[in-house]
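Observations on the three-dimensional arrangement
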Amino acid sequence: MSFGRNPHVAKAEAAEQKARAAGDEGARVAAWREAARLWDRASERETMEKRAAEYVTNAEAARGEADGPGTAGLAPPLDTRSLN
């Protein structure tokens, strides 16, 4: 690692890669949440406003991945009380 580089960017990118390769839903969600946290840290340490805004966008996208795709296609649980 060289001086002047934001170390959290590489860590966030690695967490995203880990999330894409995750074998189960829990690991996938945890990895996306970790990526979002690391993108937030990268944005806090960034001195250039344009890059900081990009990192915030990446954090929001990572949270969307954690909340969205795994649960979006699932049907709501069946309410068996209404069937009786």
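The following paragraphs examine the structure supplied in this document.

Reading the values: the criteria
- Residues numbered from 1 in each chain as written.
- Predicted model: local features only at pLDDT ≥ 70, side-chain atom pairs only at ≥ 80, totals over all residues.
- Heavy atoms only, no water.
- Helix = DSSP H or I, 4+ residues; strand = E, 2+ residues; numbered from the N terminus.
- Buried < 20%, exposed > 50% of the residue type's maximum accessible area, 1.4 Å probe, protein only.
- Contact = heavy atoms within 4.5 Å.
- Axes fitted to C-alpha atoms, helices over the stretch in contact; angles between N-to-C directions.
- Parallel < 35°, antiparallel > 145°, perpendicular 65-115°, else oblique.
- Left-handed = near helix turned anticlockwise from the far one by under 90°.
- Nonpolar A, V, L, I, M, F, W, Y, C, P; charged D, E, K, R; others polar.
- Expected span 1.5 Å × (residues − 1).
- Polar contact = N/O pair within 3.5 Å; in protein donor to acceptor, adjacent residues only side chain to side chain.

As a further point, take the overall build of the chain. Each helix and strand counted, the chain has 4 helices and 0 strands in total. Order of helices (α) and strands (β) in the chain, N terminus to C terminus: α-α-α-α. Looking at the chain as a whole, 26% of its 84 residues are labelled buried. A separation of at least 24 residues holds for 52% of the contacts in the chain among residues at least 6 apart in sequence.

Helix α2 (residues 25-45) packs onto helix α1 (residues 7-20) with a crossing angle of 165° between their chain directions and a minimal axis gap of 8 Å. In terms of orientation, α1 and α2 fall into the roughly antiparallel class. Considering only the axes of α1 and α2, their crossing is left-handed. Each of His8, Val9, Lys11, Ala12, Glu13, Ala15, Glu16, Lys18, Ala19 and Arg20 in α1 lies in contact with α2, whose residues at this interface are Arg28, Ala31, Trp32, Glu34, Ala35, Leu38, Trp39, Arg41, Ala42 and Arg45. The residue makeup of the contact of α1 with α2, split by class, is 10 nonpolar, 1 polar and 9 charged.

Moving on, we come to α2. Look at α2: 31 Å from first C-alpha to last across 21 residues, which is about the 30 Å you get at 1.5 Å a residue. The complete set of buried residues in α2 reads Arg28, Ala31, Trp32, Ala35, Ala36, Leu38, Trp39, Ala42 and Ser43.

What follows deals with the environment of Glu16. Checked against the element boundaries, Glu16 lands in helix α1. Residues Glu16 and Ala36, spaced 20 residues apart in sequence, show a C-alpha to C-alpha distance of 8.7 Å. Those residues in contact with Glu16 that lie beyond four places of it in its chain are Trp32, Ala35 and Trp39. Polar side-chain contacts of Glu16 include one of 2.8 Å to the side chain of Trp39.

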